Amino acid sequence: MSLSDLIATVVDNDGAFGPSADHLPAQFKDIPYAPFSKNDKLGRVVDWNQAEASTSTAAGINQNRRAPGATGGKYGREPKEAFGAASAGTFAYFHDEDEASFSLVDGNKTSAAKRGAGAAGGGLVNRGGQLSRGGRGGARGGAAGGRGGAQGYARAGAGGRQDYGRAGAAKGGRGGAQGGKFGWKDWNKEQRTRDASVAIGADWVVLEEIEFSRLSKLRLEVDTDEPENLSTHGFLYEYDKAYDRVTTKAEKPLQQNDRLRYNPTTSDDPIIQQHAAKDTAQIYATDSIISMLMCAPRTVYPWDIVITREGDKVFMDKRDNGPFDYPSVNENASDPPLEGEKDHINTPTNLSLEATYLNQNFAFQVVREDADSRVEFEHPNPFYSPDETEPLASCAFRYRKFDLSTTEEEDVQIIMRTEVDSFVKGQGSDEDTYITVKTLNEFDSRAQGSGGAPDWRTKLDSQRGAVIATEMKNNSAKLARWAVQSILAGAEQMKMGYVSRVNPRDAHRHTILGTQWYKPRDFATQMNVNLSNGWGIVRTIADLCLAQPEGKYVLIKDPNKPVIRLYSVPVDAFEAPEELEELEEAQGSEDGN
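In this report, we go over the structure that sits alongside the text. (Residues numbered from 1 in each chain as written. Predicted model: local features only at pLDDT ≥ 70, side-chain atom pairs only at ≥ 80, totals over all residues. Heavy atoms only, no water.)

### Thoughts on the packing of aromatic side chains
Taken as a whole and judged by the stated rule, the model has 11 aromatic pairs. Seen in terms of ring centroids, Phe 377 and Tyr 434 are 5.8 Å apart; in terms of plane orientation they differ by 45°. Their pairing is tilted. Placement of Phe 377 in the loop between strand 8 (374-376) and strand 9 (395-403) and of Tyr 434 in strand 12 (residues 432-442) is noted, with a sequence separation of 57 residues between them. Using a relative accessible area of 13% as the deciding quantity, one classes Phe 377 as buried. Geometrically, the ring pair formed by Trp 456 and Tyr 498 is edge-to-face, given 5.5 Å between the ring centres and 85° between the ring planes. (Phe/Tyr/Trp six-rings, centres within 6.5 Å; stacked < 30°, edge-to-face > 60°. Helix = DSSP H or I, 4+ residues; strand = E, 2+ residues; numbered from the N terminus. Buried < 20%, exposed > 50% of the residue type's maximum accessible area, 1.4 Å probe, protein only.)

Have a look at this one:
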């Protein structure tokens, strides 16, 4: 018989799946078959165990308490659409007596101490339908809470083991009733959804999107030990060593000092404009902006950098009253401060304002403002006007040039304005040591967002290592930036102050509990800061901007994802209304001429 003759004998059944009853051979009539679906394998049709397992519910056995393995045979799964389901009981065997009344009794002696459902370990079934691995108190049971399965779940919210939630989520499948990937403390936690640091306009165009995982792989070796010092401006006061003796038992109140300290953006710096006019370099920025780029993979909160390309030059600027002007608090904590009511003193915004106030006043207070303790640099402060009535703060600007070239043929230079806060007279030499002064602040060790920080008044003197280790964990991005800024400025020491509130509920009165010296390079090494990776990020962002046409761009850190995006924005973006009017008048005068 040929293939065409064989195909001609096949009768198509349009009314149902399978052979038609009218054309079924006589030897196959009245023979039952197992229910099956079109998406099942062929062996499913003759799997007799499947039919028996599917009738277990009708026999009075709870399907949720079925033994592991009795899931429907080799090809067992719940079919989406079963044909012949009415014939499912054909191959089933029914007992004369109902098995629903049959139960198994454990004759072993129970332990004296009553445990929860998850305490015994082994193959128990939790609420999520997953098999728990037992262990200590059902900690790996996923659905079970607290120390002991179902009984412990009721007291989990009252302060069970902190590491329980992670173990349950990792080893216990879906994690039970409240489930998910969160720990037991996170079952009702509000999800953090932050807003971007700047409102993204409808006419902005995304040019590049880079994940932090890609940024962490960049490398560029740059000589940070001996850059070219172009000029120095301002003056410095000597650090008062009396603050080295401050302890929790001999604390000093933080005073409010009225001093002027300037922090203009790159494009508003007259010294940088002079170098740009001479084509001294291709990239211009400040140490604050460069340190943010170099430590970008550590950041959690949103930030943005305004980048302007003019010819073959790139200017990196910050916005006024942007993230660069206010240091964050506990940004990297596992449970950072939560935005709540506007009047609450422990919101991220209010804590950032408080940290800015503390950093400025602590740096003003710990210097000796005497004529004998003052060192003048070769140029005066370029931002200070003689019309100002308030005195200047101790601050010196060092303009330095770094070589970012990757080959001997190319010439890529960056000029940045760096800052140092004070100096210490060298021992045995006439050279002074430049230092930077920074402040860590404690707001309330028991408040939400404290990140598990110990009480400084009881632990700072006896366990300072634990205090700084907690701060390194909760403020990884901020401390890494401070270390990088000190290295870029050529500061040989970094003075860290520990400042706390007099009363945890009062954010206006503070006291100095202690101080500590750090070498910036050792501090950066201790925090695993890779300068080569940071320089690679800076060079990559600069190359992306140099590859674009002239115009204005914005580099934005996504507020909720570890991603940065480069946007092309209109030229008049971020301009103040007064500046826009002046720009329009200037364009009108040019058109009139």
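### A closer look at unusual backbone geometry
What you tend to see is this: most non-glycine residues have negative phi, and most peptide bonds are trans. For Asn 330, which is not a glycine, the phi torsion comes out positive at approximately 55°. Tracing the backbone shows Asn 330 in the loop between strand 6 (313-317) and helix 8 (348-365). With a phi close to 60°, Asn 528 is a non-glycine residue in the positive phi region. Here Asn 528 shows up in the loop between helix 12 (520-526) and helix 13 (531-546).

### Description of the nonpolar core
Residues Ile 290, Met 316, Trp 535 and Ile 541 are the most contacted members of the largest nonpolar core, which totals 58 residues. Apart from residues lying up to four places away in sequence, Trp 535 is in contact with Leu 220, Val 222, Thr 224, Ile 290, Met 294, Phe 402, Leu 404, Ile 414, Met 416 and Leu 488. By size, the runner-up hydrophobic cluster in this structure holds 17 residues, among which are Phe 235, Tyr 237, Leu 392 and Phe 397. (Core = buried A, V, L, I, M, F, W, Y, C linked by side-chain atoms within 4.5 Å. Contact = heavy atoms within 4.5 Å.)

### Considerations on helix 6 (residues 270-277)
Listed in full, the buried residues belonging to helix 6 are Ile 271, Ile 272, His 275 and Ala 276. Take helix 6 and look down its axis: the buried residues cluster within an arc of 140°, on one side only. On its buried face, helix 6 sits against strand 2 (228-239), strand 4 (283-286), strand 6, strand 9 and strand 10 (413-420). Residue Asp 269 occupies the N-cap position of helix 6, its side-chain oxygen lying 2.9 Å from the main-chain nitrogen of Ile 271. Looking one or two places after helix 6, you find Asp 279, whose phi comes out positive at around 55°. (Arc of directions from axis to C-beta. Polar contact = N/O pair within 3.5 Å; in protein donor to acceptor, adjacent residues only side chain to side chain.)

### Quick notes on the pairing of strand 15 (residues 551-557)
On any regular strand, side chains alternate: one points to one face of the sheet, the next to the other face. Of all seven residues that make up strand 15, seven are buried, and the element is covered over most of its length. Burial along strand 15 is two-sided: Gly 551, Tyr 553, Leu 555 and Lys 557 and Lys 552, Val 554 and Ile 556, pointing in opposite directions, are all buried. Examined bridge by bridge, strand 5 (residues 304-310) and strand 15 share six bridges and lie antiparallel to one another. The residue of strand 15 that forms the bridge with Asp 304 is Ile 556. Bridging between strand 15 and strand 16 (residues 563-569) involves six bridges; their strand directions are antiparallel. Bridge pairing in strand 16 links Leu 555 to Leu 566. (Pairing = 2+ DSSP bridges.)

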